[in-house]
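So the chains spell out like this:
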Amino acid sequence: MTDHSQIMVAENLVRHFQTGKGQTVHAVNDVSLSIAPGETLALVGESGCGKSTLGRMIMGLDRPSKGSVRLLGQDLARMGQRELHAARRSVQMIFQDPSASLDPRWTAEAIVREPLDNFRIGTPAERREHVLQLLAKVGLRPDQAKRYPHELSGGQRQRLGIGRALATRPRLVVADEPVSALDVSIRAQVINLLCDLRDEMKLSLLFISHDIGVVSHISNRIAVMYLGRIVEAGETAAVLNAPQHPYTVGLLESVPRPRPSERRQRAPLEGDPPSPIHLPSGCAFRTRCPMAVDVCATTVPHLRATGQGRFSACHRADEMKVQEALHV
Amino acid sequence: MTGETFLSVRNLSVGFGLHGAIRAVRDVSFDLEAGKTLCLVGESGSGKSVTAASIMGLHKPGSAKVEAARLRLDGIDLLECQEPELARLRGSLMAMIFQDPMSSLNPALTIGFQLREALLLHEKMSTRAANARVMAVLQRVRIPDAERRMRAYPHQLSGGMRQRIMIAMALICRPRLLIADEPTTALDVTVQAQILWLLSELQREFGTAIIFITHDLGVVAEIADDVAVMYAGSLVERGSVHAVFENPSHGYTAGLLRATAEFVPGEPSRGRLEAIPGNVPNFSMLPRGCSFVERCRFAAAGCHQRMPDWRDVAHGHATRCDQSVVYGAAGIPIEKALG
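Small disclaimer: the values here were computed from a predicted structure and weren't measured.

Some remarks on the overall build of chain A
Move 1: Broken down by element type, chain A carries 12 helices and 12 strands.
Move 2: For 328 residues, the compact-globule formula gives about 20 Å, and the C-alpha radius of gyration of chain A, at 21 Å, lands near that figure.
Move 3: Each principal axis of the C-alpha distribution contributes one length, and for chain A these read about 65 × 50 × 40 Å.
Move 4: Counting every position in chain A, which comprises 328 residues, the buried fraction comes to 48%.

Encoded structure:
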């Protein structure tokens, strides 16, 4: 696949870490995905499923053990230091905890200005102007430009983190759980801001989250990860309305919904995810799967097309489609 | 029971700092019936945990100024209790579990030891009998391979398993009140669902009353009988979970419900979320009048003057808001609800 129309193409990414005891942590196993211009792809999964590691490899912050990442048609692995630096202008990142990702000794203004200085964008006067515009864009008042991160609230700090990420006019923004640390009333403000700026600047967004509610609002496409693999992918509404992988089903049923009259009647998915050091044979989900059969223990199910732009890594995906047809 | 409410809190106020000048909890009143679940909802800093700690008597003497007209649990006046008496009640009559089980468990002691300790503190029994009880309770909270786990240290268990241990420890002496302070916030959703399921199972079995503290409205809808919504140290709305969710009658409750990103199968995404503007006010700079007034879309001139009194919306459903909140329930588009 050498599709140059895509902003980012990751192919067969693998990332293994070695522990001190000589064991191998299989953080990411054979993941391929791509993001089109202006598209928001949500990466969903529970802690330890490898979604942040995947995000870091796409940013070029971590090198894959195998596989490749192509940004705007260029292979990250083949770039030298200087080219990599230039490429970072077009991909930026927003982190979960704004108080940990902003330098406490810098003012809001200096934080947003740093990327402009780094990439020598504009004259000093233009940079100053641009900084004030950016701060206004993310909803910070001009008098807050001289404030330090600790003088801002959690929501304002995350706005600042967004301002910094957008300073270089990137094509792709990787947002790793950007609203998880915020209170509900503030969370909605920040999600709306992110959506507005994405549309205005025609950004592509890789939105890493465990929150299905937020993801259903913000993304066009969704990729569900479990233990280092994408188990299901497709258009967001289609996947959430009619999942084709039992893990997606379990995940959706676990999400508590603010509707007391529609309480969950069935017992939830049992057990914990297995350790990424000792992966089960075959399908990694089979130890918790209510649909598991013999073949699941022997053969790793690969992500395969199931029609209408959807993908599932379940041996029994076709049967799930039948179930779906019966439900409707 | 003598017809008296199981837990009754009246006009609870808690202040910190010099002369209790920083009033983290102001004039909070609620009741809880035996065997029921009350969810205390609010955002960070709204005073939920301080309220819970006051019931448990966990504030250090001298650090907090706790005042209340009444604080009665199961016929016992907690305001009259001295520390030794409270220490006896904690664990046996009332118990608490916290958000982060790793910081509540001792990393240097085995699970079995810590559970046995909780039991032996309140009941006279042999170590062997205690071990048998510990085994039974571990199996009850569905810890697989319980015998081996008793010899394990906290770091050897997963987050979900540690929270099960905390629940086992809290319930081992069969308390009649369990206070759960954001017990599932640090857990993944599938594990959260397991813990919520387990808690309601145990509640049915033992008849434990639960005060569940959370900021997650989805969790509230899942487990609450009654809801009490807190904002900036005050209770703003209370009632049955159905009443509060289907007819939110305070600007803050309605705003929270609307701001919650929710996926509804079969329905298209609502697009833009309706955010609550502004930030939670600082305790030292609370507005005069209703503390939510500056962020409320229903605010009228009177709201700036004084904090509204409680007003009954329906039987058992009351709000501290004088305005008619015409938001409608979550899920109805705002335009429709307002039109």
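So that's the structure; there's more coming.
What to know about the overall build of chain B
Move 1: Each helix and strand counted, chain B has 12 helices and 13 strands in total.
Move 2: Its C-alpha atoms give chain B a radius of gyration of 21 Å, near enough to 20 Å, the size a compact globule of 339 residues would have.
Move 3: The dimensions of chain B, computed from C-alpha atoms along their principal axes, are 65 × 50 × 40 Å.
Move 4: The long-range fraction of contacts in chain B, counting pairs at least 24 apart against all pairs at least 6 apart in sequence, stands at 64%.

Here's the deal with the sheet that holds strand 5 (residues 74–75) of chain A
Residues and elements named next belong to chain A.
Move 1: An order of 2-1-4-5 is seen for the four strands of this open sheet, with the pairing classed as antiparallel. Because the sheet does not close on itself, it has two edges, and the strands there are strand 2 (24–35) and strand 5.
Move 2: For strand 1 (residues 8–18) and strand 2, the ladder comprises eight bridges, and the chain directions are antiparallel. Opposite Ala 10, over in strand 2, you have Leu 33 as the bridge partner.
Move 3: Where helix 1 (residues 51–58) meets the sheet, it contacts strand 1, strand 2 and strand 4 (66–71), and its direction lies at approximately 120° from that of strand 1.

A closer look at the sheet that holds strand 13 (residues 317–319) of chain B
Residues and elements named next belong to chain B.
Move 1: Spatially, the eight strands line up as an open sheet ordered 7-8-9-3-10-11-13-12, and their pairing is mixed. Unpaired on one side and paired on the other, strand 7 (94–97) and strand 12 (311–314) mark the two borders of the sheet. Neighbour-to-neighbour, the strand axes of the sheet open up by a mean angle of 20°, direction not taken into account.
Move 2: Pairing of strand 3 (residues 37–41) with strand 9 (residues 209–214), which is carried by five bridges, proceeds in the parallel orientation. Each bridged residue has a counterpart across the sheet, and for Leu 38 the counterpart in strand 9 is Ile 211.
Move 3: Contacts between helix 7 (residues 159–171) and the sheet are confined to strand 7 and strand 8 (177–181), with strand 7 contributing the most and set at about 170° to the helix.

What to know about helix 1 (residues 48–56) of chain B
Move 1: Along helix 1 of chain B, the residues classified as buried are Lys48(B), Ser49(B), Val50(B), Thr51(B), Ser54(B) and Ile55(B).
Move 2: Directly after helix 1 of chain B, the chain includes Gly57(B), whose backbone phi takes a positive value near 65°.

Overview of the environment of Trp106(A)
Move 1: As for its position among the elements, Trp106(A) is in the loop between helix 3 (98–101) and helix 4 (108–118).
Move 2: Sequence separation between Trp106(A) and Ser52(A) is 54 residues, and the spatial gap between their C-alpha atoms is 26 Å.

Quick look at the domain arrangement of chain B
Residues and elements named next belong to chain B.
Move 1: Looking at chain B, the domain boundaries give domain 1 (7–224) and domain 2 (234–338).
Move 2: Mapped onto the side of domain 1 that touches domain 2, the elements with two or more residues apiece are strand 2 (22–32) and helix 9 (217–223).
Move 3: A total of eight residues in the side of domain 1 that touches domain 2 trace back to one element, the largest contributor, which is strand 2.
Move 4: Tallied by class, the residues present in the side of domain 1 that touches domain 2 amount to eight nonpolar, two polar and four charged.

Side note on the interface of chain A and chain B
Move 1: Taken together, the contacts link 36 residues of chain A with 41 residues of chain B.
Move 2: Sorting the residues of the side of chain A that touches chain B by element identifies helix 7 (184–201), helix 8 (212–218), helix 9 (236–241) and helix 10 (246–254) of chain A as the ones contributing at least two each.
Move 3: A per-class count over the side of chain A that touches chain B returns 15 nonpolar, 14 polar and seven charged.

Brief notes about the environment of Ala181(A)
Residue and element names in this part refer to chain A.
Move 1: Note that Ala 181 resides in the loop between strand 7 (172–176) and helix 7.
Move 2: Overall, the presence of 19 C-beta atoms within 10 Å leaves Ala 181 in the partly exposed class.
Move 3: Through-space distance from the C-alpha of Ala 181 to that of Gly 154 is 8.1 Å; in sequence the pair is 27 residues apart.
Move 4: Excluding its chain neighbours within four sequence positions, the residues that come into contact with Ala 181 are Gln 96, Asp 97 and Gly 154.

A closer look at unusual backbone geometry
Residue and element names in this part refer to chain B.
Move 1: The phi angle at Asp 27 is positive, at roughly 55°, despite the residue not being glycine.
Move 2: Looking at where Asp 27 falls in the secondary structure, it is placed in strand 2.
Move 3: For Arg 142, which is not a glycine, the phi torsion comes out positive at approximately 60°.
Move 4: Locating Arg 142 in the fold gives a position in the loop between helix 5 (127–140) and helix 6 (146–149).
Move 5: For Arg 142, a count of 16 C-beta atoms within 10 Å corresponds to the partly exposed category.

Examining the packing of helix 4 of chain A against helix 5 (residues 124–137) of chain A
Any two packed helices are characterised by how steeply their axes cross, that is the angle between the axes, and by the distance between the axes.
Residues and elements named next belong to chain A.
Move 1: Where helix 4 contacts helix 5, the axes come no closer than 9 Å and their chain directions differ by 120°. One way to sum up the angle between helix 4 and helix 5 is to call them oblique. Judged by the twist between their axes, the crossing of helix 4 over helix 5 is right-handed. Here helix 4 contributes Ala 108, Glu 109, Val 112, Arg 113 and Leu 116 to the contact with helix 5, which in turn contributes Arg 127, His 130, Val 131, Leu 134 and Leu 135.
Move 2: Each residue belonging to the contact of helix 4 with helix 5 can be placed in one class, and the counts come to six nonpolar, one polar and three charged.

So, helix 7 of chain B
Residues and elements named next belong to chain B.
Move 1: Taking 1.5 Å per residue as the helical rise, helix 7 with its 13 residues ought to reach 18 Å, and the 18 Å between its terminal C-alpha atoms agrees with that figure.
Move 2: Helix 7 sits mainly inside the fold: 12 of its 13 residues count as buried.
Move 3: Taken as a whole, helix 7 has its buried residues at Gly 160, Met 161, Arg 162, Gln 163, Arg 164, Ile 165, Met 166, Ile 167, Ala 168, Met 169, Ala 170 and Leu 171.
Move 4: Elements in contact with the buried residues of helix 7: strand 7, helix 3 (101–104), helix 4 (111–122), helix 5, strand 8 and helix 8 (189–206).

Notes on the pairing of strand 4 of chain A
Residues and elements named next belong to chain A.
Move 1: Pairing geometry for strand 1 and strand 4, over five bridges, is antiparallel. Looking across to strand 4, one finds that Val 14 is bridged to Lys 66.
Move 2: Across two bridges, strand 4 lies against strand 5 in antiparallel orientation. Bridge pairing in strand 5 links Arg 70 to Asp 75.
Move 3: In this structure, the hairpin formed by strand 4 and strand 5 is closed by a connection of two residues, where Leu 72 is found at a positive phi of approximately 50°.

Definitions and limits used
Residues numbered from 1 in each chain as written. Chains lettered and ligands numbered in written order. Predicted model: local features only at pLDDT ≥ 70, side-chain atom pairs only at ≥ 80, totals over all residues. Helix = DSSP H or I, 4+ residues; strand = E, 2+ residues; numbered from the N terminus. Rg over C-alpha atoms; globule rule 2.2 N^0.38 Å. Buried ≥ 20, exposed ≤ 12 C-beta atoms within 10 Å, placed from the backbone. Contact = placed C-beta atoms within 7 Å. Pairing = 2+ DSSP bridges. Axes fitted to C-alpha atoms, helices over the stretch in contact; angles between N-to-C directions. Domains from an automatic or database assignment. Nonpolar A, V, L, I, M, F, W, Y, C, P; charged D, E, K, R; others polar. Parallel < 35°, antiparallel > 145°, perpendicular 65-115°, else oblique. Left-handed = near helix turned anticlockwise from the far one by under 90°. Expected span 1.5 Å × (residues − 1).

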